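Results of the structural survey
What follows is each chain in one-letter form.
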Amino acid sequence: MNSRLRIFVVGSGGREHALVWKLAQSPRAERIFCAPGNAGIAQQAECVPISSSDLVALADFAEQENIGLTVVGPELPLSQGIVDVFRERGLRIFGPDRAAAVLESSKVWCKQTLSKYDIPTGYFATFGNVEDALSYLQTQEPPVVVKADGLAAGKGVTVSRTLEDAQEAVRSSMIEGVFGSAGRRVVIEEYLEGDEVSVMALSDGENLFLLPPSQDHKPVFDGDQGPNTGGMGCYSPVPLLSDDLAEQAMEQIMRPAVRAMAQEGRPYVGCLYGGLILTDEGLKTLEFNCRFGDPESQVVLPRLGGDLVDLLDAALDRNLPDAETSPDKGAAVCVVMASGGYPGEYDTGKLIHGLDEVSKREDVVVFHAATKATDEGVVTSGGRVLGVTGLGDSLPDAIDTAYRAADQISFDGAHWRRDIGRRAAGRNEVA
Ligand code: GLY
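Since the structure is predicted, the reported quantities are computational estimates derived from the model, not experimental observations.

Parameters at a glance
- Residues numbered from 1 in each chain as written.
- Predicted model: local features only at pLDDT ≥ 70, side-chain atom pairs only at ≥ 80, totals over all residues.
- Heavy atoms only, no water.
- Helix = DSSP H or I, 4+ residues; strand = E, 2+ residues; numbered from the N terminus.
- Expected span 1.5 Å × (residues − 1).
- Buried < 20%, exposed > 50% of the residue type's maximum accessible area, 1.4 Å probe, protein only.
- Contact = heavy atoms within 4.5 Å.
- Axes fitted to C-alpha atoms, helices over the stretch in contact; angles between N-to-C directions.
- Parallel < 35°, antiparallel > 145°, perpendicular 65-115°, else oblique.
- Nonpolar A, V, L, I, M, F, W, Y, C, P; charged D, E, K, R; others polar.
- Core = buried A, V, L, I, M, F, W, Y, C linked by side-chain atoms within 4.5 Å.
- Salt bridge = Lys/Arg side-chain N within 4 Å of Asp/Glu carboxyl O.
- Pairing = 2+ DSSP bridges.

Overview of helix H13 (residues 395-408)
- Taking 1.5 Å as the rise per residue, H13 with 14 residues should run 20 Å; its terminal C-alpha atoms sit 20 Å apart, in good agreement.
- Considered for burial, the residues of H13 that qualify are Leu-395, Ala-398, Ile-399, Thr-401, Ala-402, Tyr-403, Ala-405 and Ala-406.
- Buried residues belonging to H13 abut strand S15 (233-236), strand S18 (331-338), helix H12 (355-359), strand S19 (364-368) and strand S22 (384-392).

Considerations on the packing of helix H5 (residues 98-105) against helix H6 (residues 107-116)
- Viewed as axis vectors pointing N to C, H5 and H6 meet at an angle of 90°, and their least axial separation amounts to 6 Å. By the angle between their directions, the pair H5 and H6 is classed as roughly perpendicular. In contact with Val-102, Leu-103, Glu-104 and Ser-105 of H5, H6 contributes Lys-107, Trp-109 and Cys-110.
- Residue composition of the contact of H5 with H6, grouped by class: 4 nonpolar, 1 polar and 2 charged.

Looking at the nonpolar core
- Phe-8, Ile-82, Phe-288 and Val-333 are the most contacted members of the largest nonpolar core, which totals 59 residues.
- Here this core takes 9 residues from helix H9 (residues 243-263), the largest share from any one element.
- Apart from the residues lying within four places of it in its own chain, the contact partners of Val-333 are Cys-234, Tyr-235, Val-299, Val-388, Thr-389, Gly-390, Leu-395, Ala-398, Ile-399, Ala-402 and Ile-420.
- In terms of nonpolar packing, the next biggest core, distinct from the first, is built from 42 residues, Ala-18, Cys-34, Met-200 and Val-336 among them.

Re the environment of Gly-413
- With respect to the helices, strands and loops of the structure, Gly-413 is situated in the segment after H13.
- The spacing of Gly-413 and Tyr-342 is 71 residues in sequence and 9.8 Å in space, taken between C-alpha atoms.
- Sequence-distant contacts of Gly-413, defined by excluding residues within four places in its chain, comprise Ala-338, Ser-339 and Gly-340.

Quick look at the pattern of salt bridges
- One pass over the full model with this rule turns up 27 salt bridges.
- Taking the shortest distance from any N to any O, the salt bridge between Asp-60 and Arg-89 comes out at 2.7 Å. A residue pair is termed long-range when its members are at least 10 positions apart, and Asp-60 in helix H2 (residues 55-64) and Arg-89 in the loop between helix H4 (82-88) and strand S5 (93-94) qualify at 29 residues.
- A residue is classified by how much of its surface remains accessible, and Asp-60, at 28% relative accessible area, is partly exposed.
- Between Glu-75 and Arg-291 there is a salt bridge, with its nearest N and O atoms 3.1 Å apart. Here the residue Glu-75 occupies a position in helix H3 (residues 75-80), and Arg-291 occupies one in the loop between strand S17 (282-289) and helix H10 (297-303), the gap between them amounting to 216 residues.
- A relative accessible area of 12% means that Arg-291 is categorised as buried.
- By sharing partners, the salt bridges in this structure join Arg-28, Arg-92, Asp-310, Asp-313 and Asp-317 into a single network.

Points about the sheet that holds S22
- Taken in spatial order, the 5 strands make up an open sheet running S12-S15-S18-S22-S19, and their pairing is antiparallel. At either end of the open sheet lies a strand with only one pairing partner, and these are strand S12 (215-216) and S19.
- Across 8 bridges, the pairing between S18 and S22 is antiparallel. For Ala-331, the partnering residue across the bridge sits in S22 and is Gly-392.
- Seen against the sheet, H13 touches S15, S18, S19 and S22 and runs at an angle of roughly 30° to S18.

Overview of the side chain of Asp-97
- For Asp-97, the location among the structural elements is in the loop between S5 and H5.
- In this structure Asp-97 comes out as buried when scored by relative accessible area, which is 15%.
- Ignoring anything within four residues of it in the chain, the contact list for Asp-97 reads Leu-78, Val-83, Asp-84 and Arg-87.

Structure (structure tokens):
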């Protein structure tokens, strides 16, 4: 067996809880720390109160604690260059460096690179001048997509069904500055019709290790109604992504992207997350993210057969097995329980009931996304509060398990979608 390691996870959401949970199963995990973590993560890791954007303090901590492997959850520290800061100090950290994280931190750069390397994506144009953007819109047939160039906390993409709405999206991004500097440039692109799928793979800069594909549900209400959120739930496997299509995703999109990054002098080491869409013309790329997906990690990691410490370590040694994941386990469905009002205004500090009861079940993992421990018990501390993941031999089993568990948990104002995974499982009825 390889050496045992002290491991450090950066972030505080459901994705980071899933990472900690999976890493803790490795016999190589000597001790796990998480900054800043949350009440659920604190049950499996030692949480340290350092912000995930305080790169120097995080590196200081990793040095002091003799951390052998750091794993970064959110995109912000990656785009700020956390990997560069750690590497300069000789610290091992899994994730793309700042130059490679541009794949997510600039939608303009991403689309131009996709186009340069003939990686399938919708047609588009990029603008740094508002008048040019508005003139271009006059030539387009709605619906049309307007994307802020930079990181906008998942809110930078607008799908407009009319010319007026699209013009408004351009003005609010480029003139009113609703996304700050992230919205000074925009991508205007074709609206693609089809089913979306999240394909994540670990990359060592050359080889790719495919993780189980999954599908997210972004709109807040059942039937994909209402505004988009960070993700209200997801499931894996994805029946619509046949083995042939998964291979197509790897050969036509994921591998060419990693080769393109190398050719651009920005070798990509980290988790590459392709937001893909299955159109009538085949799979196309909607976007790339430079990190593990959230909530996708909450179904992908429970299904992953291999040892995550070994895999991340191999990626850092540029020695990743270039293959599909070792046999994945059954099916997983994650139902996100959110605060009343989310994705709009919401209250926090609501006491959560039922966690102890559900934690006794072996077929359920409750990942905490925004919780805090208080003297009264665990309370809510954000919009997406819990990811209740049900495991089963099949999607219908996992759906039933997840919903039975979610029904056992309560907090004031809690809401969640009732249809996660049901279309894929061929059953739309409410349990
Ligand atoms: N589930 C969407 C994301 O991780 O960006």
